[in-house]
Amino acid sequence: MREIRQVLFPTDFSPCAEQALPFATELARRHGARLHLFHAVVFRADDPFDAAHFFPQPEEVLRLVRESAQKELARLATDRPGCTVALRDAKGRGMSAVPAILSYLDEQAIDLVVMGTHGGRAGQLLGSVTEQVVRHARCAVLTVRQSEAGGTFRPFRRVLVPVDFSAQSREALATARELAAADSGSVDLLHVLAAPIYPAFYGLNGVYEAQPMEDPQVLRQRARQGLEELARQAGGPAVPEQLWLEDGLPAAEIERFARSHESDLIVLPSHGLTGVERFLLGSTAERVLHFAPCPVWILKPTKNA
């Protein structure tokens with residue numbers, strides 16, 4: 001796993017963001033990293049329809065917003081000595097907190113971003129701020145979903161690694177092993193055998209139906225061999241490990257597996273066999289991010305990958 005020296009926690013002070021904070025705090029502590037508490041004050045200065053322009057003294061309103069945000073950051077920093085507190089403005093027509101977050105993580109050479117999947121307003125749901133940070137950040141991103149049992153760090157005792165045998169799968173497994181080892185946990189290495197699906201127009205069976213390209217048993221044997229080879233080649237500490245083969249749609253099977261096996265974490269590379277350099281939204285990975293029942297650790301490729 002790549003060294004973690006700087007951990008960024010962007011927050012909008014929503015309940016979901018607050019539930020991600022214990023993860024950021026604990027991971028920074030474990031790695032001896034500096035924790036950055038960050039908030040961006042969004043003010044669309046060039047937008048004539050921004051409600052702030054209709055207040056008698058918009059600059060005074062903005063000052064009060066900054067002041068309130070600074071107090072909230074100070075509150076979060078109270079029990080976290082040595083952390084960095086950063087407040088930035090995000091200005092410009094149609095802008096959000098995303099550019100400010102991305103600028104800060106590059107400026108501070110952030111190694112890991114930890115953030116909630118949902119924010120406090122409709123414009124900050126996954127699909128907006130979190131999704132864009134995952135898409136464009138050059139470092140790993142851990143997303144944490146809000147839950148009724150949230151508020152504390154949940155150890156990574158059972159880590160799920162879905163693989164497609166791409167080069168990035170090897171690093172994902174090595175990272176998962178290190179994260180699991182820190183909590184005396186185990187790793188589930190999962191590959192989903194997805195048969196191609198053809199529309200009725202092709203006249204194969206008259207309905208949408210999966211059509212195996214060759215003997216399913218041959219495919220399963222190859223996949224099993226692939227998992228065993230990946231397990232041998234990947235680095236990381238030795239932890240209890242199980243290899244799994246499932247049939248179906250990859251995203252649905254990953255989600256189902258994580259729920260039924262009570263996974264504590266899913267580790268995914270940002271791209272796989274597609275070769276896409278940016279996170280392929282609309283794909284298997286996007287659905288996993290949206291519906292995973294546990295935190296998701298997204299790895300970014302190295303320059304050599």
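Residues numbered from 1 in each chain as written. Predicted model: local features only at pLDDT ≥ 70, side-chain atom pairs only at ≥ 80, totals over all residues. Heavy atoms only, no water.

### Remarks on the overall build of the protein chain
Here is step 1 of the chain: The helix and strand tally for the protein chain stands at 8 helices and 12 strands.
Here is step 2 of the chain: Counting every position in the protein chain, which comprises 305 residues, the buried fraction comes to 45%.
Here is step 3 of the chain: Pairs at least 24 apart in sequence give 77% of the contacts found in the protein chain among residues at least 6 apart.
Here is step 4 of the chain: Roughly 15,200 Å² of accessible area belongs to the protein chain as shown, and the carbon and sulfur atoms make up 51% of that amount. (Helix = DSSP H or I, 4+ residues; strand = E, 2+ residues; numbered from the N terminus. Buried < 20%, exposed > 50% of the residue type's maximum accessible area, 1.4 Å probe, protein only. Contact = heavy atoms within 4.5 Å. Areas by Shrake-Rupley, 256 points an atom, 1.4 Å probe, with all protein chains shown as cover.)

### Examining the side chain of Asp 264
Here is step 1 of the chain: Inspection of the secondary structure puts Asp 264 in the loop between α7 (250-260) and β11 (265-269).
Here is step 2 of the chain: Under the relative-accessibility criterion, Asp 264 is labelled buried at 8%.
Here is step 3 of the chain: Among the polar contacts listed, one links the side chain of Asp 264 to the side chain of Arg 154, at a separation of 2.6 Å.
Here is step 4 of the chain: Polar side-chain contacts of Asp 264 include one of 3.1 Å to the backbone nitrogen of Arg 157.
Here is step 5 of the chain: Aside from chain neighbours lying at most four places away, what touches Asp 264 is Arg 154, Pro 155, Phe 156, Arg 157, Arg 158, Cys 294 and Pro 295. (Polar contact = N/O pair within 3.5 Å; in protein donor to acceptor, adjacent residues only side chain to side chain.)

### Here we look at the packing of aromatic side chains
Here is step 1 of the chain: If you walk through the whole model with that rule in mind, you get 5 aromatic pairs.
Here is step 2 of the chain: For the pair Phe 38 and Tyr 104, a centre-to-centre distance of 4.9 Å together with 40 degrees between the ring planes defines the contact as tilted. Of the two residues, Phe 38 is situated in strand β2 (residues 34-43) and Tyr 104 in helix α3 (residues 98-107); the sequence distance between them amounts to 66 residues.
Here is step 3 of the chain: On the basis of relative accessible area, Phe 38 is assigned to the buried category, the value being 1%.
Here is step 4 of the chain: For the pair Phe 153 and Phe 156, a centre-to-centre distance of 5.3 Å together with 70 degrees between the ring planes defines the contact as edge-to-face. (Phe/Tyr/Trp six-rings, centres within 6.5 Å; stacked < 30°, edge-to-face > 60°.)

### Considering the pattern of salt bridges
Here is step 1 of the chain: A complete count under the given rule lists 19 salt bridges for this structure.
Here is step 2 of the chain: A salt bridge links Arg 2 to Glu 171, with the shortest nitrogen-to-oxygen separation between them at 2.7 Å. A residue pair is termed long-range when its members are at least 10 positions apart, and Arg 2 in the segment before β1 (6-10) and Glu 171 in helix α5 (residues 167-181) qualify at 169 residues.
Here is step 3 of the chain: For Arg 2, a relative accessible area of 37% corresponds to the partly exposed category.
Here is step 4 of the chain: A salt bridge links Arg 88 to Glu 107, with the nearest nitrogen and oxygen atoms 3.0 Å apart. Of this pair, Arg 88 sits in strand β3 (residues 84-91) while Glu 107 sits in helix α3, and the two are 19 residues apart along the sequence. (Salt bridge = Lys/Arg side-chain N within 4 Å of Asp/Glu carboxyl O.)

### Structural notes on unusual backbone geometry
Here is step 1 of the chain: The phi angle at Phe 13 is positive, at roughly 70 degrees, despite the residue not being glycine.
Here is step 2 of the chain: Mapped onto the fold, Phe 13 is located in the loop between β1 and α1 (15-31).
Here is step 3 of the chain: Even without being a glycine, Ser 184 presents a positive backbone phi close to 50 degrees.
Here is step 4 of the chain: Along the chain, Ser 184 turns up in the loop between α5 and β7 (186-193).

### Things to note about the confidence of the model for the protein chain
Here is step 1 of the chain: Here the protein chain averages 82 in pLDDT, while 77% of its residues score no lower than 70.
Here is step 2 of the chain: Mean pLDDT values over the elements of the protein chain span from 48, in strand β9 (residues 209-210), up to 97, in strand β6 (residues 158-162).
Here is step 3 of the chain: The low-confidence segment residues 120-127 (pLDDT under 50) makes 16 contacts with residues lying over four places distant or belonging to another chain.
Here is step 4 of the chain: Segment residues 273-282: pLDDT under 50, and 22 contacts once partners within four positions in sequence are set aside and those in other chains are kept. (pLDDT = per-residue confidence, 0-100.)

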